[in-house]
Amino acid sequence: VSPLSVFAPARPPTPNLPVSMLGELIFKIPGFRPAFAAFAKRYQAAVAKELRDHGLKYDDLLVEEDPEVQRALAMLPPEEIEMRHKRIKRAIDVNLKKTLLREDLGAQVEIWDPYLRSRMKLLKEKRYEAQVYELEK
């Protein structure tokens, strides 16, 4: 195992890239891939509906105690941090009141906007480059 492989950016598992021998075997079953894709599409639609009902973005669900998330949050402009906190507070309020957010407000939120994940990816790439630079010395 190369020492660089530990710091290589991880690729998210996708239906086209089985993550284990069992996964590889399961994906060889005829008709499984289309069924899996249909299930994934339904699941994504259900998550999107819940996020819209509460006025959240997908990245708002990331746990703030994670060091990578903390570093990415530190990179955000103050306005974006404030908007994130407002979305989370509104979602808590909506949830406690057992109501749903108005549809027009939920439709305004771009739920799949990777405002935090893109910064986390950038930080991971910088850390990888620094590791490569240190190994080349």
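Anything mentioned here points back to the structure above.
Please read these numbers as outputs of a predicted model, since none were measured by experiment. (Residues numbered from 1 in each chain as written. Predicted model: local features only at pLDDT ≥ 70, side-chain atom pairs only at ≥ 80, totals over all residues. Heavy atoms only, no water.)

**What about a nonpolar patch on the surface?**
Rule in force here: Residues with no salt bridge and a relative accessible area higher than 30% make up the patches, which join like charges within 9 Å and nonpolar side chains (Val, Leu, Ile, Met, Phe, Trp, Tyr) within 5 Å. Each accessible area is a Shrake-Rupley estimate made with a 1.4 Å probe; only the visible protein chains count as cover when residues are assessed. Here, a salt bridge means any Lys or Arg side-chain nitrogen found within 4 Å of an Asp or Glu carboxyl oxygen. Under the scheme used here, helices are H or I runs from DSSP no shorter than 4 residues and strands are E runs no shorter than 2 residues, and both carry numbers assigned from the N terminus. Remark: exposure states derive from per-residue accessible area (1.4 Å probe, protein chains only) relative to the maximum for the residue type, with buried under 20%, exposed over 50%, and partly exposed in between.
Where nonpolar side chains cluster on the molecular surface, the patch consists of Y58, L61 and W112 and spans about 270 Å² of accessible area. Here W112 is to be found in the loop between helix 5 (103–108) and helix 6 (117–136). Since its relative accessible area comes to 31%, W112 is described here as partly exposed.

**Quick notes on the packing of aromatic side chains**
For the record, the criterion: Two rings from Phe, Tyr or Trp (for Trp, the six-membered ring) form a pair when their centres are within 6.5 Å of each other. A pair whose planes differ by under 30 degrees is stacked, one over 60 is edge-to-face, and the rest are tilted.
Tallied over the full model, the rule gives 5 aromatic pairs. Ring geometry for F39 against Y43: centres 6.5 Å apart, planes inclined by 20°, an arrangement best described as stacked. Of this pair, F39 and Y43 both sit in helix 2 (residues 32–54), separated by 4 residues, roughly a single helical turn. Among the residues examined, F39 registers a relative accessible area of 56% and is labelled exposed. With a centroid separation of 5.4 Å and an interplanar angle of 40°, the aromatic rings of Y58 and W112 are classed as tilted. Residue Y58 is located in the loop between helix 2 and helix 3 (67–75), and its partner W112 is located in the loop between helix 5 and helix 6; the two are separated by 54 residues in the primary sequence.

**Focus on the nonpolar core**
Soluble globular proteins tend to bury their nonpolar side chains together. This is how the line gets drawn: Nine residue types can take part in a nonpolar core, namely buried Ala, Val, Leu, Ile, Met, Phe, Trp, Tyr and Cys, and a core is a set of them joined through side-chain atoms within 4.5 Å. By the convention used here, residues are in contact when the closest approach between their heavy atoms is within 4.5 Å.
Core analysis: the largest hydrophobic core is formed by 8 residues, namely V69, A72, L73, L76, Y115, L116, M120 and L123. In terms of residues, this core owes the most to one element, helix 3, which gives 3 residues. Excluding residues within four positions of it along the chain, A72 makes contact with L116, R119, M120 and L123. The next biggest cluster of nonpolar side chains, apart from the first, holds 7 residues, and it includes L51, L56, A91 and I111.

**Section: the side chain of D60**
Applicable threshold: Side-chain atoms alone can form a polar contact between residues adjacent in sequence; in general such a contact is a pair of N or O atoms within 3.5 Å, and within protein one must be able to donate a hydrogen while the other accepts it.
Mapping D60 onto the fold places it in the loop between helix 2 and helix 3. What makes D60 buried here is its relative accessible area of 7%. One polar contact links D60 to Y115, side chain to side chain, over a distance of 2.3 Å. In contact with D60, other than residues within four places in its own chain, are R84, R87, I88 and Y115.

**Overview of the packing of helix 3 against helix 6**
Threshold: Only the stretch in contact is used when a helix axis is fitted, and all axes are lines through C-alpha atoms; the angle between N-to-C directions ranges over 0 to 180 degrees. When an angle is under 35 degrees it counts as roughly parallel; over 145 it counts as roughly antiparallel; between 65 and 115 it counts as roughly perpendicular; any other value is oblique.
Two elements in contact, helix 3 and helix 6, have axes whose closest approach is 9 Å; the angle formed by their N-to-C orientations is 110°. Put simply, helix 3 runs roughly perpendicular to helix 6. Seen from helix 3, the contacting residues are E68, V69, R71, A72 and M75; seen from helix 6, they are R119, M120, L122, L123, K124 and R127.

**Comments concerning unusual backbone geometry**
Here the phi dihedral of K98 falls at roughly 55°; this positive angle occurs in a residue that is not glycine. Within the fold, K98 resides in the loop between helix 4 (78–96) and helix 5.

**Focus: the pattern of salt bridges**
For the structure shown, the criterion picks out 12 salt bridges. Linking K49 and D53 is a salt bridge whose minimum nitrogen-to-oxygen distance equals 2.8 Å. One end of the pair, K49, and the other, D53, are both in helix 2, 4 residues apart, so they sit about a helical turn from each other. When salt bridges that share partners are traced, they join D60, E64, E80, R84 and R87 into one network.

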